Amino acid sequence: RTLLAEMALLGPIHRISEYLFDRRDHPGAYTRKEKGFDRITWWDVDQADKITLPTWRRLREYANAVQRAELPLRERLICYSQFGRWLVSPRWYRQNWIRLLRDLVVGRWRYGVRLVRGLISDL
């Protein structure tokens, strides 16, 4: 989604009738079974014990996409304004604020686990 958002900021997107990509979606699909933290580890195993905050990172990437786009100041401000409205919209709020809070809780838990592991290894 962040890639599509960045592509949209680069210029017009045209729909073509030919399928160039096929995404298989079924109950056993990896993206249905694994949550954000585990997916990050799948992409980069070095992230396994790090605090990653996937939902927060996705929001940051959307904002970075607007920053990187070669847009006039007025359009950039419109993008940030829309981004802000999106964040406080009831639909987004219901779907994502729990994920944001979960990211913080899980991130804090992982931080605690790292501290305990460090203390044990120092003994």
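Details of the structure are given in the entry above.
The rules behind each value
- Residues numbered from 1 in each chain as written.
- Predicted model: local features only at pLDDT ≥ 70, side-chain atom pairs only at ≥ 80, totals over all residues.
- Heavy atoms only, no water.
- Helix = DSSP H or I, 4+ residues; strand = E, 2+ residues; numbered from the N terminus.
- Buried < 20%, exposed > 50% of the residue type's maximum accessible area, 1.4 Å probe, protein only.
- Contact = heavy atoms within 4.5 Å.
- Salt bridge = Lys/Arg side-chain N within 4 Å of Asp/Glu carboxyl O.

Trainee: Is there a simple way to explain the environment of Met-7 in this structure?
Mentor: Following the sequence through the fold, Met-7 ends up in helix H1 (residues 2-10). For Met-7, a relative accessible area of 40% translates into the label partly exposed. For the pair Met-7 and Ala-69, spaced 62 residues apart in sequence, the C-alpha separation works out to 9.3 Å.

Trainee: I would appreciate a short explanation of the environment of Leu-59 in the present structure.
Mentor: Looking at the element boundaries, Leu-59 is found in helix H4 (residues 54-68). On the accessibility criterion, Leu-59 (13% relative accessible area) is buried. Through-space distance from the C-alpha of Leu-59 to that of Leu-100 is 10.0 Å; in sequence the pair is 41 residues apart. Those residues in contact with Leu-59 that sit more than four places away from it in its chain are Phe-83, Trp-86, Leu-87, Trp-92 and Leu-100.

Trainee: Would you mind going over the pattern of salt bridges with me for this structure?
Mentor: Opposite charge on two side chains lets them pair, provided their charged atoms get close. Summed over all chains, the structure comprises 2 salt bridges. The salt bridge partner of Glu-6 is Arg-68, with a shortest N-O separation of 2.8 Å. Taken together, the residues Glu-6 in helix H1 and Arg-68 in helix H4 connect sequence positions 62 residues apart. Residue classification places Glu-6 among the partly exposed residues on the basis of a relative accessible area of 24%. For Glu-61, the salt bridge goes to Arg-60, with nearest N and O atoms at 3.7 Å. The class of Arg-60 is partly exposed, set by a relative accessible area of 46%.

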